[in-house]
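# Working through the structure, step by step
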Amino acid sequence: VSASDPQAATIRPPLRSAMEAPFIDAAAAVANGGPAIDARRVCSTNQLAGVRVLRPLGVVRGITVRSRNALVSFGAGLKTLVGGEITSMTTLCESAREEAYNRMLENAAQLGATGVVAVRYDTNSVMDGMTEVVAYGLAVTDGTVPSSAHATDAEGGMARDRVCTSNELPNYAFDHRSLGVVQGLTVRSRNFVADIGAGLKGLVGGEILTYTTMCEDARNEAYKRMVAAAVELGADAVVAMRYDTNEINQGVTEVLAYGTAVSSTSGSLGAEWPADGNGGGGMGVALPGEVVTTVGRLPGLEAQFSLGIVQGITVRSNNFFSKFGAGLKSMVGGEIATWSALCQEARKKAFDRMLTQAKERGARGVVGVRYDCNLILPGQVEVIAYGTAVSTEPPPASGTSAAASSAGASTAAPCVPEHCVTSDVELQGHGAVRSLGTARGLAVHACTLVRNIGAGFKGLVGGEIRNYLAMCEAARGQAFHRMLEHAADMGATGVVAVRYTSHSLEPGVIEVVAYGTAVANTPGGSVDVANPSLNEDGSLGQGFFSTTNEILGHPMPRSLGIVRGVTMRSRNVLANFGARLGAMFMGGEVGTWTALCETAREEALQRLSRQAVNRGAQGVVAMRYETNEIAPGVTEVLAYGTAVTAGPDADPPLFGR
């Protein structure tokens, strides 16, 4: 089936039978087991632009856990006295990401893949100075699919090629039914002996194979539990699968795998949705699982209009006895059931609060659901679930400002209506015709000493910690508000593909970033895509970045592969001292650290841009940020995406286009 064939959608069989259907016109591009995967065939978008229909082979991963050596650590410690970038650690982090990336490609090649799409990174601080980096995505091919790809996982109960990181299974009909968000979670600790060995390895630096194996096992377990949950619902596949990782205590890591379970049974959802108390079309008291999804649309719902982003936040802690038992368990390693239960409870609470907010807006469902989590203090974890509320009816013409609703800011709100902000890559009912670039908002918040003491006492009995909950809500609200201000300054009428990323700068202090693509529903001035404007440093202009899979108004049908920008920054002693005093006695935003974090993100973005220009790119799509606290006072910031161009096809052509 050709991607350009107008009858392709009508001649594809339903999802279940399409899983076994061979390619029609599937000339193999693989010879003798397959060539090395070309960098241009790897992208963070859901499909390779301009490439014919692909065939999925399943999710592939590459993992590494690395430490820096004693000399680098000593030099980094000296650098923190004055602050700024630590170039030696930047180089080490870039090497770790490259190694994870290459291992992902090796695993894809072993499956017979000729490309990888919907690539994502996930990072986690295993312990001070030791970082886990994961690269993962959907392996695809345009050749014959090996029979092993159809094999059913004995533990998970679903074939490998029926799980994907993209929003749909390539070459399979999207005529399916959503069964809701499914997840698999595990909390694991390292054993005492492994910690000693890793400590010795940290003197010379390099990969810590023991930890790499442990992290791989944890992700496998989370993945299998997610698949088992989908099978239990009667699903045929899982789409828009993601990982989310968090260090919840020293040496204790939570790994979550989640996605949307789908079935080949299709049909309208409308008749099954409970009415609200007034007999209207709201979600009512109960919410069917199939009206919540990690993808951008709800199959079976004829018309969908965005009502804006909804979110649920919680900060929770285990009680003293659970922490004590977990500490004993960490001596031998393995899964810690009490912590797994806590994390499950926290994610359910955040998820339920998101749904409550959606119900209050009169929504019929929630799309584009994502999680973000953050360690506030050892054993005290923040979890946010967020997505876009949708309805079958258009929102009122005079919607309230999204900033006023979500941020609660006292300043004048930007003129971006609430219903014109979405976590989806497309703003339903908006009619956006052009991208203006990525908008970003950032805030660093802290609790006062008194509130920290109160939170410490609450941690003895466990449960929700309201002091930190208020801090997290304020930080996310302010970051969201600033993103909208930035978008409004660009002349935007909406913001799409909104994402949160956050991390703890130090105990009781969090950084939150909200970012997305500013769009306009009115035509603007013409832009010369063939010769995009460059900044003085040789990087791309603002309008040529997007968190969606395209740059609206500027078709760029050729992918040039993944590009990255990394920086490693430290806060200087004076900034740390003043910021800590302000946080201790006044709380609220820590302006000095907000400025430092903003500088780091801008530097990472510019480096990504220059790498894209060096490849001949005219834009970057599906752009994302990742952040990780490498050591006290030292933060890694990554910006990555897919370089694209409107130029002529490469020679030789990709995938036999």
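Residues numbered from 1 in each chain as written. Predicted model: local features only at pLDDT ≥ 70, side-chain atom pairs only at ≥ 80, totals over all residues. Heavy atoms only, no water.

If you tally the helices and strands in the protein, you get 13 helices and 20 strands. In the protein, buried positions account for 58% of the 657 residues. When contacts within the protein are restricted to residue pairs at least 6 apart in sequence, those whose partners lie at least 24 apart make up 81%. Per element, the accessible surface of the protein, about 24,500 Å² overall, is 56% carbon and sulfur. (Helix = DSSP H or I, 4+ residues; strand = E, 2+ residues; numbered from the N terminus. Buried < 20%, exposed > 50% of the residue type's maximum accessible area, 1.4 Å probe, protein only. Contact = heavy atoms within 4.5 Å. Areas by Shrake-Rupley, 256 points an atom, 1.4 Å probe, with all protein chains shown as cover.)

Here the focus is the pairing of strand 20 (residues 634–645). The side chains of a regular strand alternate between both faces of the sheet. Within strand 20, 12 of the 12 residues are buried, which leaves it mostly tucked inside the rest of the structure. Relative to strand 20, strand 17 (residues 558–570) runs antiparallel, the two being bridged by 12 bridges. Opposite Arg569, over in strand 20, you have Thr635 as the bridge partner. (Pairing = 2+ DSSP bridges.)

The final tally for this structure, using the stated rule, is 22 salt bridges. Here Asp122 makes a salt bridge to Arg219, at a shortest N to O gap of 3.1 Å. Placement of the pair is Asp122 in strand 3 (residues 115–127) and Arg219 in helix 6 (residues 209–232), with a sequence separation of 97 residues. Each of the two residues, Asp122 as well as Arg219, counts as buried. (Salt bridge = Lys/Arg side-chain N within 4 Å of Asp/Glu carboxyl O.)

With that settled, the discussion passes to the side chain of Asp122. Since its relative accessible area comes to 5%, Asp122 is described here as buried. Only 3.1 Å separates the side chain of Asp122 from the side chain of Arg219, close enough to count as a polar contact. Engagement of the side chain of Asp122 in a polar contact is seen with the side chain of Thr245, the distance being 2.3 Å. Residues contacting Asp122, with those up to four places away along its chain left out, are Glu132, Val133, Val134, Tyr136, Arg219, Tyr243, Asp244, Thr245 and Glu626. (Polar contact = N/O pair within 3.5 Å; in protein donor to acceptor, adjacent residues only side chain to side chain.)

Moving on to the sheet that holds strand 11 (residues 365–377). One open sheet holds the four strands; their spatial order is 11-12-9-14, and the pairing between them is antiparallel. The strands lining the two open edges of the sheet, one partner per strand, are strand 11 and strand 14 (463–464). The sheet contact formed by strand 11 and strand 12 (residues 380–391) spans 10 bridges and is antiparallel. Of the residues in strand 12, the one forming a bridge with Leu377 is Gln380. Against the sheet, helix 8 (residues 337–360) contacts strand 9 (305–317), strand 11, strand 12 and strand 14, and its axis sits at roughly 150 degrees relative to strand 9. Relative to strand 9, helix 11 (residues 466–489) is tilted by about 150 degrees, and along the sheet it contacts strand 9, strand 11, strand 12 and strand 14. (Axes fitted to C-alpha atoms, helices over the stretch in contact; angles between N-to-C directions.)

Right, let's talk about the environment of Leu540 for a bit. Relative to the helices and strands, Leu540 resides in the loop between strand 16 (509–520) and strand 17. C-alpha separation for the pair Leu540 and Gln618, spaced 78 residues apart in sequence, amounts to 7.5 Å.

All right, on to the pairing of strand 9 then. Summarising burial for strand 9: 12 of the 13 residues are buried, a large majority. Across 12 bridges, strand 9 lies against strand 12 in antiparallel orientation. Note on strand 12: the bridge partner recorded for Thr314 is Val383. Bridging between strand 9 and strand 14 involves two bridges; their strand directions are antiparallel.

We now examine helix 13 (residues 591–614). Taking 1.5 Å of rise per residue, 24 residues should cover 34 Å, and helix 13 covers 35 Å from first to last C-alpha, within 8% of that figure. Where helix 13 is concerned, the buried positions are Trp593, Thr594, Cys597, Ala600, Arg601, Ala604, Leu605, Gln606, Leu608, Ser609 and Ala612. A positive backbone phi angle near 90 degrees is found at Gly616, which sits one or two residues after helix 13. (Expected span 1.5 Å × (residues − 1).)

Turning our attention to helix 6. The end-to-end C-alpha distance of helix 6, which contains 24 residues, comes to 35 Å, matching closely the 34 Å that a straight helix rising 1.5 Å per residue would cover. Of the positions making up helix 6, those classed as buried are Tyr211, Thr212, Cys215, Ala218, Arg219, Ala222, Tyr223, Met226, Val227 and Ala230.

Here the focus is the confidence of the model for the protein. The pLDDT averaged across the protein works out to 75; a share of 65% of its residues lies at or above 70. When the criterion is pLDDT under 50, residues 1–35 qualifies, and its contacts beyond four places in sequence or with other chains add up to 63 contacts. Of the regions scoring below 50 in pLDDT, residues 267–287 engages in 44 contacts with residues more than four places distant in sequence or in other chains. (pLDDT = per-residue confidence, 0-100.)

Turning our attention to the sheet that holds strand 18 (residues 588–589). Strands sit in the order 15-16-13-18 across an open sheet of four strands; the sheet is antiparallel. The sheet is open, and its two edges are formed by strand 15 (494–506) and strand 18, each paired on a single side. The pairing of strand 13 (residues 434–446) with strand 18 spans two bridges and is antiparallel. Within the sheet, the bridge partner assigned to His445 lies in strand 18 and is Glu589. Here helix 11 sits on the sheet in contact with strand 13, strand 15, strand 16 and strand 18, set at roughly 150 degrees to strand 13. Across the face of the sheet, helix 13 comes into contact with strand 13, strand 15, strand 16 and strand 18 while running at roughly 145 degrees to strand 13.

We now examine unusual backbone geometry. Of note in the backbone geometry, Ala240 takes a positive phi value of approximately 50 degrees without being a glycine. Inspection of the secondary structure puts Ala240 in strand 7 (residues 237–249).

Another point: the packing of aromatic side chains. Overall, the coordinates contain five aromatic pairs when judged by the stated rule. Plain terms: the ring middles of Tyr136 and Tyr243 are 4.9 Å apart, the flat faces sit at 80 degrees to each other, and that makes the pair edge-to-face. Residue Tyr136 is found in strand 4 (residues 130–141), and its partner Tyr243 is found in strand 7; the two are separated by 107 residues along the sequence. With respect to class, Tyr136 is no different from Tyr243; both count as buried. Their ring planes at 85 degrees and their centres at 5.1 Å tell us that Tyr386 and Tyr500 sit as a pair that is edge-to-face. Highlighted residues: Tyr386 in strand 12 and Tyr500 in strand 15, separated in sequence by 114 residues. (Phe/Tyr/Trp six-rings, centres within 6.5 Å; stacked < 30°, edge-to-face > 60°.)

In this section: the environment of Ala240. Judged by its relative accessible area of 0%, Ala240 is buried. The spatial distance from the C-alpha of Ala240 to the C-alpha of Val369 is 9.7 Å, given a sequence separation of 129 residues. Setting aside its immediate chain neighbours within four residues, Ala240 contacts Cys164, Thr165, Ser166, Asn167, Tyr258, Gly259, Thr294 and Val295.

Turning our attention to the side chain of Ser178. Tracing the chain through its elements places Ser178 in strand 5 (residues 177–189). A relative accessible area of 2% places Ser178 in the buried class. Here the side chain of Ser178 touches Gly180 through a polar contact of 3.4 Å, landing on its backbone nitrogen.

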